[in-house]
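# Descriptive structure summary
Okay, here's what each chain looks like letter by letter:
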Amino acid sequence: MTIQQPTELTHAAMLGLGVYRPERVVTNDEICEVLDSSDEWIQTRSGIKTRRFAGDGETLIGMSTAAAERALAAAGVAPAQVGCVIVATSTHPEHTPASAPQVATALGLDAAAAFDISAGCAGFCHALNLASSMVRSGAEQHVLVIGVEQLSRFMDPTDRGTAFIFADGAGAVVVGPADATGIGPTAWGSDGSQSHVITQTPSCLGGHSEVDPVVQMEGTAVFRWAPFAMAEVAHEALRLAGIGVDDLDAFIPHQANLRITQTLSRNIKLPESVAIATDVIDSGNTSAASVPLAMEAMLRQDEASVGDTALLIAFGAGLSYAGQVVTLPPLGQ
Ligand SMILES: CC(C)(COP(=O)(O)OP(=O)(O)OC[C@H]1O[C@@H](n2cnc3c(N)ncnc32)[C@H](O)[C@@H]1OP(=O)(O)O)[C@@H](O)C(=O)NCCC(=O)NCCS
C-alpha cells in the first residue's frame with residue numbers, strides 16, 4: 001500500500017499583512033502614576049515613549065480577527081481559501097481551548113485547521129516557518145499566521161522590570177503560493193537552560209489562583225544574551241537564504257527594547273543603507289505581535305516598501321528564537 005502525498009514543491013510568500021492596534025495610547029507618565037519610575041528613565045533604558053493597551057471590548061480573539069481580515073483583504077484571498085490558522089501568543093487566558101479555532105470561526109472559516117503555538121516573543125517567526133513549510137510542501141494552499149498579545153492583563157503594574165515594557169496588539173499575514181521564494185529558510189533554536197529568565201507566575205492551572213498570572217523577567221540576563229546570540233542567528237538566516245547584509249533593505253527584529261535593537265544591529269554589522277524597525281518607541285514590546293506590527297509600521301511610514309528584502313529575528317521566553325529573510329508583503333488598511 002502506497003500512502004499518497006503531494007510531491008510538487010512550490011514557493012511560499014507572505015501575500016498580505018494586516019494589524020490591529022488597540023485604541024488606547026498609554027504614555028510613560030500614565031505608567032508612572034503607579035510605577036516607581038520616570039518618563040526619562042524609561043526612554044533612556046528602553047526607547048519606549050508610548051504603548052497601547054486593549055480596552056473593554058478589545059479582546060485577544062477580536063484583535064486577531066481584525067488583523068486577519070485586513071491581511072486577507074491585502075492578499076486578495078477569500079476566507080474560504082484558508083486551510084489553516086496558526087495563532088502565536090502567550091496571553092490567551094486558557095491553555096484549552098486554544099484561541100485559533102475561535103478566530104477561525106469569527107473569520108467565517110468553516111473547517112480550517114486551527115491551533116495556537118507558544119514560543120514567547122519568538123512565536124510569530126516560528127509560526128511563519130510552519131506556514132511556509134506547509135505551503136511549500138503542498139499540504140496547504142493558504143495559511144493565516146497571527147501574532148497577538150494582551151500583555152496589559154498579565155503584568156504587575158508596580159513591577160519595575162516589566163510594567164513599562166510590555167503592551168498589546170495583533171499582526172497577521174496570509175502565507176500562500178508564489179512564483180519565487182518570499183520566505184527564506186528559518187534559523188531557529190532554543191536554550192532551555194535559561195527558561196527561568198522570562199516566566200509567568202503560576203496560572204489557575206498550576207496554583208488554583210483567582211488572579212491572572214503575571215510575566216516576570218530578568219531583564220539584564222536578556223540584555224546579556226540577545227544582542228550577541230541573535231547576531232549569530234541573523235548571520236545563519238542570511239547564509240541559509242544565500243544573501244549578505246548588503247542585499248538587505250530592512251531589518252525587522254522583535255521590538256524588545258531599542259537598546260537591544262541598536263546593539264544587535266551593530267553586532268550584525270548592518271550597512272547604513274538597511275532601514276531598521278523602531279516600532280518599540282510607539283508600541284512598546286508586544287511580544288509575539290511585535291514583528292508583524294513593526295513590519296506594518298515600516299511600510300506605513302515608507303521606511304520600507306512592498307517587495308523589499310527584510311531580515312526578521314524574534315527571541316524571547318524559552319529561551320526561543322527564530323529568524324528568516326523575507327520579501328515584504330502588501331499592507332491591508
Ligand atoms: C529592564 C531593563 C530596561 C533594565 O535596565 P538595566 O539597565 O538592566 O537596569 P538595572 O535593572 O540594572 O537597574 C539599573 C538601575 O535602575 C533602577 N531601576 C530599575 N528599574 C527601574 C525602573 N523601572 N524605573 C526607574 N529605575 C529603575 C535600578 O534600581 C538600578 O538603580 P541603581 O543603579 O541605583 O541600583 C533592561 O535590563 C532591559 O531592557 N532588558 C531587556 C528586557 C527586554 O527587552 N525584554 C524583552 C524580552 S523578549
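Residues numbered from 1 in each chain as written. Predicted model: local features only at pLDDT ≥ 70, side-chain atom pairs only at ≥ 80, totals over all residues. Heavy atoms only, no water.

### Considering the overall build of the chain
- Tallying secondary structure elements over the chain gives ten helices and 14 strands in all.
- For 333 residues, the compact-globule estimate of 2.2 N^0.38 gives 20 Å, and the chain sits close to it at 19 Å.
- Projected onto its principal axes, the C-alpha positions of the chain cover 65 × 45 × 40 Å.
- Relative to its full complement of 333 residues, the chain shows a buried share of 53%.
- Long-range pairs, those at least 24 residues apart, make up 78% of the contacts in the chain between residues at least 6 apart in sequence.
- Between the mean site of the 16 positive side-chain charges and the mean site of the 36 negative ones, the chain shows a separation of 7 Å. (Helix = DSSP H or I, 4+ residues; strand = E, 2+ residues; numbered from the N terminus. Rg over C-alpha atoms; globule rule 2.2 N^0.38 Å. Buried < 20%, exposed > 50% of the residue type's maximum accessible area, 1.4 Å probe, protein only. Contact = heavy atoms within 4.5 Å. Lys, Arg positive; Asp, Glu negative; His and termini not counted. Charge placed at Lys NZ, Arg CZ, Asp CG, Glu CD.)

### A few points about the packing of aromatic side chains
- Evaluated as defined, the whole model comprises three aromatic pairs.
- Both rings, one in Trp225 and one in Phe315, keep their centres 6.2 Å apart while their planes meet at 75 degrees; by these two values the pair is edge-to-face. Taken as a pair, Trp225 in helix H7 (residues 219-241) and Phe315 in strand E13 (residues 309-316) lie far apart in primary sequence, 90 residues in all. Neither residue differs from the other here; Trp225 and Phe315 are each classed as buried.
- A network of ring pairs unites the aromatic residues Trp225, Phe315 and Tyr321 as a single cluster. (Phe/Tyr/Trp six-rings, centres within 6.5 Å; stacked < 30°, edge-to-face > 60°.)

### Quick notes on the environment of Ala71
- For Ala71, the location among the structural elements is in helix H3 (residues 60-75).
- Beyond its immediate sequence surroundings of up to four residues, Ala71 is in contact with Gly16, Leu17, Gly18, Ala172, Val173 and Val174.

### Quick word on the sheet that holds strand E8 (residues 187-190)
- Spatially, five strands are ordered E8-E14-E13-E11-E12 in an open sheet, and the strand pairing comes out mixed. Taken across any chain shown, the strands that pair with only one partner, and hence form the sheet edges, are E8 and strand E12 (275-276).
- With respect to the sheet, H7 is in contact with E8, E13 and strand E14 (320-327), its orientation differing from that of E14 by roughly 40 degrees. (Pairing = 2+ DSSP bridges. Axes fitted to C-alpha atoms, helices over the stretch in contact; angles between N-to-C directions.)

### Points about the pattern of salt bridges
- One pass over the full model with this rule turns up seven salt bridges.
- Of the charged contacts in the structure, one is a salt bridge between Arg21 and Glu296, with a shortest N-O distance of 2.8 Å. Placement of Arg21 in the loop between strand E1 (11-20) and strand E2 (24-27) and of Glu296 in helix H10 (residues 290-300) is noted, with a sequence separation of 275 residues between them. Across the pair, exposure class does not vary: Arg21 and Glu296 are buried alike.
- With a closest N to O distance of 2.7 Å, Arg24 and Glu30 form a salt bridge.
- For Arg24, a relative accessible area of 38% gives the class partly exposed.
- For Glu30, a relative accessible area of 30% puts it in the partly exposed group.
- Through salt bridges with shared partners, a single network forms among Arg21, Asp279, Glu296 and Arg300. (Salt bridge = Lys/Arg side-chain N within 4 Å of Asp/Glu carboxyl O.)

### As for the UniProt feature "active site" (unreviewed entry) in the chain
- Under the feature "active site" (unreviewed entry), the UniProt entry names Cys121, His254 and Asn285. The annotated residues occupy 165 residues of the chain but converge on a single region, no pair of C-alpha atoms lying more than 8.8 Å apart.
- Position of Cys121 relative to the elements: it lies in the loop between strand E5 (113-117) and helix H5 (123-137).
- In this structure Cys121 touches His254, Asn285, Ser287, Ala288, Ala314, Phe315, Gly316 and Ala317, once residues within four positions along its chain are discounted. (UniProt positions renumbered as here; feature names shortened; annotations may be inferred.)

### Here's the deal with the site of the ligand
- Around the ligand lies a shell of 20 residues, among which Ser37, Arg45, Arg160, Gly219 and Asn257 are the nearest.
- Contact distances for the ligand include 3.3 Å between an oxygen atom and a backbone N or O atom of Ala256.
- In the environment of the ligand, an oxygen atom lies 2.4 Å from a nitrogen or oxygen atom belonging to the side chain of Asn257.
- Contact with the protein chains covers 70% of the free accessible surface of the ligand, which is 960 Å².
- Looking at the shell around the ligand element by element, the count peaks at four residues for H7. (Near = heavy atom within 4 Å. Polar contact = N/O pair within 3.5 Å; in protein donor to acceptor, adjacent residues only side chain to side chain. Areas by Shrake-Rupley, 256 points an atom, 1.4 Å probe, with all protein chains shown as cover.)

### Observations concerning the state of the cysteines
- Per the counting criterion, the structure on display carries zero disulfides.
- Cys121 forms no disulfide, and the closest cysteine sulfur to it belongs to Cys125, at a distance of 11 Å.
- For Cys121, a relative accessible area of 10% gives the class buried.
- With a relative accessible area of 0%, Cys125 lands in the buried category. (Disulfide = S-S within 2.5 Å.)

### Some remarks on the pairing of strand E7 (residues 168-178)
- Of all eleven residues in E7, ten are buried, a share of seventy percent or more.
- Bridging between E1 and E7 involves nine bridges; their strand directions are antiparallel. Across the sheet, Ala12 pairs through a bridge with Pro177, a residue of E7.
- Both strand E6 (residues 143-150) and E7 contribute to a ladder of eight bridges, which runs antiparallel. The partner of Gly147 across the bridge, within E7, is Gly171.

### Brief notes about the sheet that holds E7
- Taken in spatial order, the five strands make up an open sheet running E1-E7-E6-E4-E5, and their pairing is mixed. Of all the strands in the sheet, just E1 and E5 have a single pairing partner and so form its edges. Each strand of the sheet is rotated relative to its neighbour by a mean of 20 degrees, with strand direction disregarded.
- Of the strands in this sheet, E1, E6 and E7 touch H3, which is tilted by about 130 degrees from E1.
- Running at roughly 85 degrees to E1, H10 makes contact with E1 and E7 of the sheet.

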